[in-house]
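# Close look at the chain arrangement
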Amino acid sequence: METTITKKTINISTFVDLFCMVLGTIITAFALNMFTIPAGLLSGGVTGFSQLLNHFIPINVGVYYFLLNIPLLILGYIYLGKKFSFYTILATSLVSFFLLIVPVKHIWTDDPLLSAIFGGVLNAVGCGLVLRRGGSEGGFDILSRVIAKYRNITVGKSNLIINTIIVILSGFIFNSEIALYTIISFYSSMKTYNIILNHVDRISLLIITDKGKEVNEAITKELHRGTTMWNASGGYTRKEKTVLYCVIMKGEMHQLKQIVKSADPTSFVSIISTQNVIGRFHQIW
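The structure contained in this document is the topic of the report that follows. (Residues numbered from 1 in each chain as written. Predicted model: local features only at pLDDT ≥ 70, side-chain atom pairs only at ≥ 80, totals over all residues. Heavy atoms only, no water.)

## Some thoughts on the overall build of the protein
When helices and strands are tallied, the protein shows ten helices and four strands. Ordered by position from N to C terminus, the α and β elements of the protein give α-α-α-α-α-α-α-α-β-α-β-β-α-β. Relative to its 285 residues, the protein shows a buried fraction of 46%. Contacts in the protein between residues far apart in sequence, at least 24 positions, make up 77% of those at least 6 positions apart. Here the protein has roughly 15,000 Å² of accessible surface; of this, 65% comes from carbon and sulfur atoms. (Helix = DSSP H or I, 4+ residues; strand = E, 2+ residues; numbered from the N terminus. Buried < 20%, exposed > 50% of the residue type's maximum accessible area, 1.4 Å probe, protein only. Contact = heavy atoms within 4.5 Å. Areas by Shrake-Rupley, 256 points an atom, 1.4 Å probe, with all protein chains shown as cover.)

Shown next, in the form of structure tokens:
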């Protein structure tokens, strides 16, 4: 009975993941083709480089986006795990597909300032939905997450460097006004991104489980977070337990819940808000 309930929970969670992937990628494609691209502005990361290539060789941005992501997807599969890679390949393919079928035209406004703001906000909403469900829309987020895994450099810092290069290139290739509007779009996107991911919030978790070794290995392998373990016993049952202590970013909470449930469905998890961390802690977002 317990196994059946666990499988049903995992199936519902997977369905929600896939629904958010589709919804997030539609929103991203809508933001790009209805606001950013018609206004002549550039998006961040691989999408921005795809737009630059499209300026010189006018092939649909979705085609460039997919081709540029291929080496990055291979990198993600090698260093970030199968589940992340599967969701990222799915999201990247969906974004490329929706960029092909959503028409490139102004909607609601042709004002470049409004296009920069709403294009940036909607793009971040789409990307944030995918990231919150354990995936990525590909691009330099993959490279940034690989760097974050092995070096204490956040995804945000890596993306800032990449987007700075895009702004400089847009200033040279187009004009300074386009570069300034692009900066506004990036800022709108960044602020929305932060709200969706709650990236400044850290969480401490106490996980009480009968399968300490399995839970610990799953967290280390899938989430790339360290834990501290100690032995305990149930106050009522007197049964031996293992307690694991782990600190994560709030945006990783959904993924950790899935990992713990998969390793031990009967585990007990206490979530504690943490103001700051001193010491070695990888702030991924």
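## Digging into helix H5 (residues 112-132)
Between its first and last C-alpha, H5 extends 30 Å over 21 residues, near the 30 Å set by a 1.5 Å rise per residue. Those residues of H5 that sit buried are Ser-115, Ala-116, Gly-119, Gly-120, Asn-123, Ala-124, Gly-126, Cys-127, Gly-128, Val-130 and Leu-131. Just downstream of H5 lies Gly-134, where phi reads positive at about 90°. (Expected span 1.5 Å × (residues − 1).)

## Things to note about the pattern of salt bridges
What the rule picks out here adds up to two salt bridges. Salt-bridge contacts for Lys-239 lead to Asp-210; the nearest nitrogen and oxygen are separated by 3.7 Å. Of this pair, Lys-239 sits in the loop between strand S2 (228-233) and strand S3 (240-249) while Asp-210 sits in the loop between strand S1 (202-209) and helix H9 (212-223), and the two are 29 residues apart along the sequence. In this structure Lys-239 comes out as partly exposed when scored by relative accessible area, which is 46%. Asp-210 gets classed as partly exposed once you look at its relative accessible area, which sits at 36%. Notably, a salt bridge pairs Lys-241 with Asp-210, separated by 3.1 Å at the nearest N-O pair. (Salt bridge = Lys/Arg side-chain N within 4 Å of Asp/Glu carboxyl O.)

## Examining the packing of aromatic side chains
Using the criterion set out here, one finds five aromatic pairs in the structure. Judged by centre distance (5.8 Å) and plane angle (50°), the rings of Phe-35 and Trp-108 are tilted. Taken together, the residues Phe-35 in helix H1 (residues 2-36) and Trp-108 in the loop between helix H4 (82-101) and H5 connect sequence positions 73 residues apart. Judged by relative accessible area, Phe-35 falls into the buried class, the value being 1%. Trp-108 sits in the exposed class, given a relative accessible area of 71%. Measuring from ring centre to ring centre gives 5.9 Å for Phe-86 and Tyr-87, while their planes differ by 45°; the resulting arrangement is tilted. (Phe/Tyr/Trp six-rings, centres within 6.5 Å; stacked < 30°, edge-to-face > 60°.)

## As for the environment of Glu-137
Examined against the element boundaries, Glu-137 turns out to sit in the loop between H5 and helix H6 (140-150). The exposure class assigned to Glu-137 is buried, which follows from its relative accessible area of 6%.

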